[in-house]
Amino acid sequence: MAERRAKGLLADAPRLLLLGAFAILLLMPYIWMISASVKPLDELFRASLNLWPERFHGLENYGKVFSQIPVFGYLWNGIVVCAGILFFQLLFAVPAAYALAKLRFPGRDFAFGLVMLGLLVPPHVPALPLYVAFSKLGLLNTYAALVLPFTISVFAIFLFRQFFKALPDELVHAARLDGIGELEIVWRVILPNAWPAATAFAIFSVVAHWNDLFWPLIVIEGQSRATPALGVLYFRSDEAGDDFATLMAAAVIMTLPLVLAFLFAQRRFVEGIATTGLKG
Amino acid sequence: MHGLSIQSVSRHFGEVRALDNVSLDVAAGEFVALVGPSGCGKSTLMRIVAGIETADDGRISINSRDITALRAAERNVAMVFQNYALYPHLTVRENIAVPLAMRRLSALERLPLLGRIKPGFSQKRAAIAEDVGKSAQALGLGALLDRKPGQLSGGQRQRVALARAIVRHPDAFLMDEPLSNLDAALRVQTRREIVDIHRRVGAATLYVTHDQSEALTMADRVAVMQAGQLLQVSSPEAIYHDPQDIRVATFIGSPRINVLAAEADAAGFIHIAGQPSGLQAAPGPVSLAIRPENLRLASSGIACRADGFEFLGESLLLHARHGATKEALIIRLAPEAPRPHAGELIHLSFEAKHVLVFDRHGKRVALRNHIAQHQEMTLA
Amino acid sequence: MPEAVAAAISSPHQASSRRLLRGEALVGLLLNLPAGIAYGLMLLLPSLATILLAFTDYELGAMEWGWIGAANFEEMLEDRGFAIALRNTIIYVGFVTPISILLGLGAALLIEAGMRGRALFRAVFFLPVVSLTVAMAAAWQYLLHPTIGPLNAFLRQLGVISPPYWLSSSDWVLFSLGAIGVWENIGYNMVLFLAGLSAIPRELYQAAEVDGTKSWLDRFRLVTWPMLGPTTLFVLTITMIRSIRVFDTVAVLTQGGPNKASEVLLHTMYKEGFTFLRLGYSAAITLVFLLMVLGLVWLQTKALDKRVHYG
């Protein structure tokens, strides 16, 4: 353990073999998903264990997905919803967290108590009344219905408050001495210092809402506002039926954007999830 | 040899030579302080002795047994870490017992429940408890045995680390800056305690520190290290009064020793800034080093301009600048000595026996004119 | 007279500091206002409404409704579907939690034990966390398909004559969903364990070596496992809370079938509320779900106070 020098490849081999076997096992769904997405249907039905297609049918499968469902529409909806949610979460949470961390005002402890209380409540709990309200307001099937319930993230407030608490008070005092106004301090001094926490939270938030099925399933019907998760669900039940080849192609397409983002910014993702996870 | 022996140890980190052919012997019962600026390789050397780092080259032996290839667990070497490295989930009692449990109990016996059933277990346990008690008593930890490290002060933690180290009667005792996390007052007090413990344990002790006053006050011998090389290993007095390398002379002593560039002519007569000094050594450029307490104000001698004062209570430091070369000089005076005002021309003198001469490689060279040893050098 | 002078000097100062404080308080309230409004509208009021709803027979679209006391909860006790959903959820959590934690810890330890392939393996194990759950559920559906699925094709080649109908046999469906749940959670747990491992001071391992630990297992028991205590407790709670929320895979793959064999709490709540539009009953199920989550958090704080905090 203490010996931090690289061991010989031979001594390291058992570890690498074990990890490799474990990794391949975990990758099975991806491997077969991609393989099936480029095979013709009759080959799938023969259930052969060859990963490589005898007849490459990728163009037809992927083409079919793009022609049958509004792939870009779903992805666009996903981006709009995730960006909208994140925007409002940061807009509401950062100032509130700064005030809770650094300012004295009446009711501060009460407000923080509400935050802690909110942390205990899973998002499924307010779902029913929100659905009723949105339905009465005619907001079903809109971006608003997808975004509004998540504009408040008590977790974000909590996370940013912890982060701001760790910033030195002198930062705020110096800004006051320099004559920067109280509100100005938030975006001139605090925001530029909040980036590490903001990236970590952004990754956490986007991963959560890009993958969410529960709420979109409740408030969205039809394709116009469907998120990628809903898109795959619709495609599976309506268009594909037993056509696993195109279903896998659709699954690959919808999985790809976030996975690509992850592969490009791997370290940030892992750190983001680890910090948000451990702070929560 | 009885004790710890380090022979020609080298270690590289990439291009950096952390240790360059270092050899050092610590006799059984001896206390050697390894001192040097941070990053000089002293901690690396200690870790190599402990077995938690490996050397590229060289041998380590304890009581004439080659332990170079042995793992830390098999060496019977105890170590006190800079931040104590106590197990935070174990009580003081359990912390001290760890080295004994690891050595005396089999893997089976250390299992939480299974071990209890094995015959002979309770005797072993009792023996461990007794040794832990003795070691804790020796360090005045008797009342704290059931506390966890988180509930102890820095000084108490440090003592637990010491108790954990001595409990197993190690062949060699290693300490890596054990006082650096204590506040100044506690540090001075703990120095004595560590020396006492060392005397009682009697093991070969290697003590790493960057603090020269710790090294000088505690050790039987001081080893000065810089840039991966051992410069000198001698008694504290010899290190201070008789340094063999100019880097030792400048590292040890506070305020720093005064160094004047000088030149010995073909006959070996040394001139400071062109002025003959009456000293004689081998021809060539030399450096003269004189400790601040060995310089005094005189009516003639090295011409300097006074710069300012630092009042230290028991003495007074006079800062001055050499009149010709502008080299900075510090003179330690009696606190009540008359103070020249800033900018005033002063003259400094010293006794020949107090001047240390180093050649251009920084190695100490002997003065040739032995007759002049006790003569007051005033530089005509 | 001196007092007057002192007052004259100090009073403007005091006033200005009071004004400053009032300014700070005002700004503090102002900054909390947007979050407060959103909190009230989107979290507090609807959650309270859910609690009230649980004591009514409200149905969406119904003209009239009334308070029915605890009738929804009484119905729940009689409801075989709810009982099965509750049992299945508990089994699912009991299956996914220990296995995904053990495998996540194993992966983290293996990755941490050497220098080679760290980033690669970390990325591979983490991939399921960032993959679209619904899409991956579709991939699992193909992988586990009884006739054309690669898993059963493989089993047939091994000589298994009639491999199980993974997702359509009531004997296997919960196990299959559990396996998918484990697959989803390993990477997340691994990342948390990796963070926990990297926070263990290196010097503790060195001290353990000097103290005479000879094997990896010794060091694991003396240092790694106890030092991971807080992380493990946290991972335990978060995995239970995450898996008690199982919904996506059930909704996509089985819809609770066959014959309610994979019915779980949130899916029952969804069906009662949004398919049968029995909002009152659905709200009552939501409250049971909430109580279970709160119970887990309570257990965590209890354990945190007691055992794994070293101060």
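So, how was this worked out
- Residues numbered from 1 in each chain as written.
- Chains lettered and ligands numbered in written order.
- Predicted model: local features only at pLDDT ≥ 70, side-chain atom pairs only at ≥ 80, totals over all residues.
- Helix = DSSP H or I, 4+ residues; strand = E, 2+ residues; numbered from the N terminus.
- Rg over C-alpha atoms; globule rule 2.2 N^0.38 Å.
- Contact = placed C-beta atoms within 7 Å.
- Nonpolar A, V, L, I, M, F, W, Y, C, P; charged D, E, K, R; others polar.
- Pairing = 2+ DSSP bridges.
- Axes fitted to C-alpha atoms, helices over the stretch in contact; angles between N-to-C directions.
- Buried ≥ 20, exposed ≤ 12 C-beta atoms within 10 Å, placed from the backbone.
- Core = buried A, V, L, I, M, F, W, Y, C linked by C-beta atoms within 7 Å.
- pLDDT = per-residue confidence, 0-100.
- Parallel < 35°, antiparallel > 145°, perpendicular 65-115°, else oblique.
- Left-handed = near helix turned anticlockwise from the far one by under 90°.

Novice: What should I look at first to understand the overall build of chain C in this one?
Specialist: Within chain C, the secondary structure is distributed over 13 helices and zero strands. Secondary structure elements in chain C, listed N-terminal to C-terminal, are α-α-α-α-α-α-α-α-α-α-α-α-α. Computed over C-alpha atoms, the radius of gyration of chain C comes to 27 Å, more than 25% over the 19 Å expected from 2.2 N^0.38 for 311 residues, which places it beyond the range of a compact globule. Counting only C-alpha atoms, chain C reaches 105 × 75 × 35 Å along its principal axes. Put simply, of all contacts in chain C between residues at least 6 apart along the chain, 68% involve residues at least 24 apart.

Novice: What should I look at first to understand the overall build of chain A in this one?
Specialist: Helices and strands together make up the secondary structure of chain A, namely 15 helices and zero strands. The C-alpha radius of gyration computed for chain A amounts to 24 Å, which surpasses the reference 19 Å derived for 280 residues by more than 25%, pointing to a less compact arrangement than a globule. Expressed along its principal axes, the backbone C-alpha trace of chain A runs to roughly 75 × 65 × 30 Å. Within chain A, contacts between residues at least 6 apart in sequence are counted, and of these 74% link residues at least 24 apart.

Novice: Would you mind showing me how to read the interface of chain C and chain B here?
Specialist: For an interface, size is often stated in terms of accessible area lost upon the parts coming together. Across the contact, 18 residues belong to chain C and 21 residues belong to chain B. Among the secondary structure elements, those contributing two or more residues to the side of chain C that touches chain B are α8 (202-210) and α9 (216-227) of chain C. With six residues, α8 of chain C is the single largest residue contributor to the side of chain C that touches chain B. Its residues assigned to classes, the side of chain C that touches chain B comprises eight nonpolar, five polar and five charged.

Novice: Just to check I follow, could you spell out the pairing of strand β19 (residues 345-351) of chain B for this structure?
Specialist: As judged from the three bridges shared by strand β15 (residues 296-298) of chain B and β19 of chain B, these two strands associate in the antiparallel manner. What sits directly across from Arg296 of chain B, in β19 of chain B, is Ser349 of chain B.

Novice: Where do I start with the sheet that holds strand β5 (residues 65-66) of chain B in this structure?
Specialist: The strands making up a sheet are joined through hydrogen bonds of the backbone, oriented either antiparallel or parallel. All names here are of chain B. Ordered in space as β2-β1-β4-β5, the four strands form an open sheet in which the pairing is antiparallel. The outermost strands of the open sheet, each flanked by one partner alone, are β2 (16-27) and β5. Alignment of strand β1 (residues 3-13) against strand β4 (residues 57-62), held across five bridges, turns out to be antiparallel. Within the sheet, the bridge partner assigned to Ser5 lies in β4 and is Ser61. The strands touched by helix α1 (residues 42-50) within the sheet are β1, β2 and β4, with β1 carrying the most contacts at an inclination of about 120°.

Novice: Even after reading the chapter, I still don't get the sheet that holds strand β6 (residues 77-80) of chain B, so can you show me in this structure?
Specialist: All names here are of chain B. Taking strand neighbours across the sheet as the criterion, the six strands line up as β6-β7-β8-β3-β9-β10 in an open arrangement whose pairing is mixed. Bordering the open sheet on either side are β6 and β10 (229-234), each of which pairs with just one other strand. Strand-to-strand twist in this sheet, taken as the mean axis angle between neighbours without regard to direction, amounts to 20°. Note that β6 and strand β7 (residues 172-176) share four bridges and pair parallel. Each residue of the ladder has a partner; that of Met79, found in β7, is Leu174. Across the sheet, helix α5 (residues 154-166) is in contact with β6 and β7; its angle to β6 comes to roughly 175°.

Novice: I would appreciate a short explanation of the environment of Glu293 of chain B in the present structure.
Specialist: As for its placement among the helices and strands, Glu293 of chain B is situated in the loop between β14 (284-290) and β15. Look at Glu293 of chain B and you get partly exposed, because 14 C-beta atoms sit within 10 Å.

Novice: Would you mind showing me how to read the interface of chain A and chain C here?
Specialist: At the junction of the two partners, chain A supplies 83 residues and chain C supplies 86 residues. Among the elements that make up the side of chain A that touches chain C, the one with the highest residue count is helix α1 (residues 9-37) of chain A (14 residues). Partitioning the side of chain A that touches chain C into residue classes produces 69 nonpolar, seven polar and seven charged.

Novice: Looking at this structure, how should I read unusual backbone geometry?
Specialist: Working note: non-glycine residues mostly have negative phi, and peptide bonds are mostly trans. The omega torsion of the bond from Ser254 of chain B to Pro255 of chain B falls at 0°, within 30 degrees of zero and hence cis. Relative to the helices and strands, Pro255 of chain B is located in the loop between α9 (246-251) and β11 (258-264). Here Glu177 of chain B, not a glycine, exhibits a phi torsion of approximately 45°, which is positive. Turning to its location among the elements, Glu177 of chain B is positioned in the loop between β7 and α6 (184-201). Residue classification places Glu177 of chain B among the buried positions, given that 20 C-beta atoms sit within 10 Å. Backbone geometry places Lys260 of chain C, a non-glycine residue, at a positive phi of 60°. Tracing the sequence through the fold places Lys260 of chain C in the loop between α11 (248-254) and α12 (265-275).

Novice: How do you make sense of the nonpolar core when you look at a structure like this?
Specialist: Proteins that are soluble and globular tend to have nonpolar side chains buried together. In this structure, Phe160, Val232, Met248 and Ala251 of chain A together with Ala139 of chain C are the most contacted members of the largest nonpolar core, which totals 162 residues. The element that contributes the greatest number of residues to this core is helix α4 (residues 71-102) of chain A, accounting for 14 residues. One finds Ala18, Ile62 and Val357 of chain B together with Tyr205 of chain C within the second-largest nonpolar core, a separate group that totals 112 residues.

Novice: Quick question: what am I supposed to make of the confidence of the model for chain C here?
Specialist: The predicted coordinates ought not to be read in detail in places where the model reports low pLDDT. Residues and elements named next belong to chain C. When pLDDT is averaged across chain C, the result is 86; 91% of the residues are at 70 or more. Mean pLDDT across the elements of chain C bottoms out in helix α1 (residues 2-53) (74) and peaks in helix α3 (residues 80-112) (94). Overall, residues 1-12 carries pLDDT values under 50, and its contacts beyond four positions in sequence, including any with other chains, amount to zero contacts. Reported confidences for the modelled complex are a pTM of 0.85 and an ipTM of 0.86.

Novice: Can you help me understand the packing of helix α2 (residues 92-104) of chain B against α5 of chain B in this one?
Specialist: In a pair of packed helices, the angle between the axes and the distance between the axes together describe the arrangement. Residues and elements named next belong to chain B. Contact geometry for α2 and α5: axes closest at 7 Å, N-to-C directions at 30°. Taken together, the axis directions place α2 and α5 in an arrangement best described as roughly parallel. Between α2 and α5 the crossing geometry is right-handed. Of the residues in α5, those touching α2 at Val92, Asn95, Ile96, Val98 and Pro99 are Val160, Ala163 and Arg164. Of the residues assigned to the contact of α2 with α5, the class counts are six nonpolar, one polar and one charged.

Novice: Just to check I follow, could you spell out the pairing of strand β17 (residues 316-322) of chain B for this structure?
Specialist: Within a regular strand, the side chains alternate between the two sheet faces. All names here are of chain B. Inspection of the sheet shows strand β16 (residues 302-311) paired to β17 by seven bridges, in the antiparallel sense. When the bridges of β17 are listed, Cys304 appears paired with His322. Here β16 folds back onto β17 in antiparallel fashion, the turn holding four residues, of which Gly313 has a positive phi close to 95°. Pairing analysis gives six bridges linking β17 to strand β18 (residues 328-333), with the strands arranged antiparallel. Paired with His319 across the strands is Ile330, a residue of β18. The antiparallel pairing of β17 with β18 creates a hairpin that spans five residues between the two strands, and Lys326 there sits at a positive phi of about 65°.

Novice: Is there a simple way to think about the environment of Ile185 of chain A in this case?
Specialist: Residues and elements named next belong to chain A. Considering the arrangement of structural elements, one finds Ile185 in helix α10 (residues 182-193). Owing to 20 C-beta atoms within 10 Å, Ile185 belongs among the buried residues under this scheme. Sequence-wise, Ile185 and Tyr98 are 87 residues apart; in three dimensions their C-alpha atoms are separated by 9.9 Å. Residues in contact with Ile185, not counting those within four places in the same chain, are Val172, Ala175, Ile180 and Ile190.

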